[in-house]
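Fold and contact review
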Amino acid sequence: MTEKLSAERLSFVADNYRRLSERIENARIKAGRTDTVNFMAVTKTVPAEIVNHSVSLGIKLLGENRVQEFLDKYDKYEGDYDVHFIGGLQSNKVKYIIDKVSMIHSVDSMKLASEINKRALAVGKKMDILLEINIGGEESKNGIAPDMLDEFALEAGELPGLRIRGLMTIPPVDMNGSSERYFEKMERLYNDLKDKTKSNESFLLDTLSMGMSGDFEKAINYGSTIVRIGSLLFGYRQY
Ligand SMILES: *Cc1c(COP(=O)(O)O)cnc(C)c1O
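Anyway, here's the lowdown on the structure attached to this text. What you are looking at is a predicted structure, and each value in this text was computed from that prediction instead of being measured. (Residues numbered from 1 in each chain as written. Predicted model: local features only at pLDDT ≥ 70, side-chain atom pairs only at ≥ 80, totals over all residues. Heavy atoms only, no water.)

Some details on the overall build of the protein
- The secondary structure content of the protein amounts to nine helices and eight strands.
- The C-alpha extent of the protein, read off along each of the three principal axes, is 55 × 40 × 35 Å.
- Looking at the 239 residues of the protein, the share that counts as buried comes to 50%.
- Intrachain contacts of the protein at a sequence separation of at least 6 include 61% that bridge at least 24 residues.
- Of the roughly 12000 Å² of accessible surface on the protein, a fraction of 48% belongs to carbon and sulfur atoms.
- The protein carries 33 positive and 36 negative side-chain charges, and their two centres are separated by 2 Å. (Helix = DSSP H or I, 4+ residues; strand = E, 2+ residues; numbered from the N terminus. Buried < 20%, exposed > 50% of the residue type's maximum accessible area, 1.4 Å probe, protein only. Contact = heavy atoms within 4.5 Å. Areas by Shrake-Rupley, 256 points an atom, 1.4 Å probe, with all protein chains shown as cover. Lys, Arg positive; Asp, Glu negative; His and termini not counted. Charge placed at Lys NZ, Arg CZ, Asp CG, Glu CD.)

This is the structure we're talking about:
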C-alpha cells in the first residue's frame, strides 16, 4: 500500500465509522430503545493497521471468524478492545482462541460446547457463549434448529465452564424484506429463553447478536444488542 492510498483508506474508514454510528443510534431511537446497541467491527481480510485505526476511532468490539487469520493478526492489534469469535469453529481449534476472546457467538453443537467447556476450565475461566440459531432452517447453514433450542440450552447449561449470554443468527438472504420476519422470530426465541432461564446461574441473557451491513437497522428494531458490520465499515472484501 502506498502512503497516499493508505491515508485514503484510513479516512474512508473514519467516514464510514461516523455514518454507521449515526445510523445505529438513529435506529435505536426509532425503535424506542433505551439500552445499548454495540457496534462490532468484523475484521476478516482487513489488515491489522486498518483494524487498529477503527479501534482508535472508537470501535470497542472486534469480530473474528477465521482462526488462522486471527492468530496471524492478533499480535499486531493495539488499543482498548474486546474480541469475540463469530465464525464457524472446529472443536480442534478452540484451544488456540480460548484465552484470546471474551465471547464465542457460534456455538451450535454439543461437541463444540463440550470442548469450549473443557478448554475454559483448563485455563480457569468461564467462557461466555451465544447459541447460533439456524433461523431460516437452511440446509447450507450452521446453527441449532429453533425447536431444539430449549433442549440444547439446558444441556449446555450443565457445563460449568460455560455461561450462556444469548443468541446469534445469520438469517437467509433478504428476499423482499423477509429478514424482518426472521429477526422477529429471533427476538421471540430470545425473550422466551430469557424467561425460562431466569433463575439458572449458568445463564445471563443480555446479548442478541444479529444484523450485518445489509440489514442492521431492521435487526436493531427487533432487539439486536450487537450488530456485526464488515463491508460497510472497511469496504467490500475481495476473496
Ligand atoms: C462477514 C460476517 C459479518 C459481516 O458481514 P458484512 O455483510 O460484511 O457486514 C457478520 N457476521 C459474520 C458471522 C460474518 O462472517
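Focus on the nonpolar core
- Ile104, Ile116, Ile129, Leu131, Leu167 and Leu233 are the most contacted members of the largest nonpolar core, which totals 64 residues.
- Broken down by element, the residue count for this core peaks at six residues, all from helix H7 (residues 179-196).
- Of all hydrophobic cores here, the second largest spans five residues; its members include Met40, Val42, Ile86 and Ile226. (Core = buried A, V, L, I, M, F, W, Y, C linked by side-chain atoms within 4.5 Å.)

Here's the deal with the packing of helix H6 (residues 149-156) against H7
- Where H6 meets H7, the axes come as close as 11 Å, and the angle between the chain directions of the two elements is 45 degrees. Comparing the axis directions of H6 and H7 gives the class oblique. At the point where H6 passes H7, the crossing takes the right-handed sense. Here Leu149, Asp150 and Ala153 of H6 lie close against H7, whose contacting residues are Leu189, Leu193 and Lys196.
- Taken together, the residues of the contact of H6 with H7 break down into four nonpolar, no polar and two charged. (Axes fitted to C-alpha atoms, helices over the stretch in contact; angles between N-to-C directions. Parallel < 35°, antiparallel > 145°, perpendicular 65-115°, else oblique. Left-handed = near helix turned anticlockwise from the far one by under 90°. Nonpolar A, V, L, I, M, F, W, Y, C, P; charged D, E, K, R; others polar.)

Observations concerning the site of the ligand
- Surveying the vicinity of the ligand reveals the residues Val42, Lys44, Asn65, Ile86, Ile170, Met212, Ser213, Arg228, Ile229, Gly230, Ser231 and Arg237.
- Within the contact set of the ligand, an oxygen atom lies 2.8 Å away from a backbone nitrogen or oxygen of Gly230.
- When the ligand is considered free in solution it has 390 Å² of accessible area, and contact with the protein chains removes 88% of it. (Near = heavy atom within 4 Å. Polar contact = N/O pair within 3.5 Å; in protein donor to acceptor, adjacent residues only side chain to side chain.)

Brief notes about the environment of Glu184
- Take Glu184: it is sitting in helix H7.
- Along the primary structure Glu184 and Lys126 are separated by 58 residues, whereas in three dimensions their C-alpha atoms are 30 Å apart.

Remarks on helix H5 (residues 110-122)
- Its 13 residues give H5 an end-to-end C-alpha distance of 18 Å, which sits within 8% of 18 Å, the value for a rise of 1.5 Å per residue.
- Those residues of H5 not exposed but buried are Met110, Leu112, Ala113, Glu115, Ile116, Asn117 and Ala120.
- Residues of H5 that are buried in the fold lie against helix H4 (94-97), strand S4 (103-107), strand S5 (127-133), H6 and strand S6 (162-169).
- A positive backbone phi angle near 70 degrees is found at Gly124, which sits one or two residues after H5. (Expected span 1.5 Å × (residues − 1).)

Regarding the pattern of salt bridges
- Under the counting rule described, the total for this entry stands at 15 salt bridges.
- The closest approach of N and O atoms between Arg165 and Asp206, which form a salt bridge, is 2.9 Å. You can see Arg165 sitting in strand S6 and its partner Asp206 sitting in strand S7 (residues 203-209), a full 41 residues away along the chain.
- Among the salt bridges present, the one from Asp195 reaches Lys198, with a minimum N-O distance of 3.5 Å.
- Lys198 gets classed as exposed once you look at its relative accessible area, which sits at 65%.
- When salt bridges that share partners are traced, they join Asp128, Arg163, Arg165 and Asp206 into one network. (Salt bridge = Lys/Arg side-chain N within 4 Å of Asp/Glu carboxyl O.)

Observations concerning the pairing of S7
- Summarising burial for S7: five of the seven residues are buried, a large majority.
- Across four bridges, S6 lies against S7 in parallel orientation. The residue of S7 that forms the bridge with Ile164 is Phe203.
- After leaving S6, the chain enters H7 and then returns to the sheet as S7, a path that is right-handed. (Pairing = 2+ DSSP bridges. Right-handed = clockwise from strand over helix to strand, strands pointing away.)

Comments concerning the side chain of Arg33
- Relative to the helices and strands, Arg33 is located in the loop between helix H1 (3-30) and strand S1 (38-42).
- When sequence neighbours within four positions are dropped, the list of residues in contact with Arg33 reads Arg28, Ile220, Gly223, Ser224 and Thr225.

The values are spatial; any link to function lies outside them.
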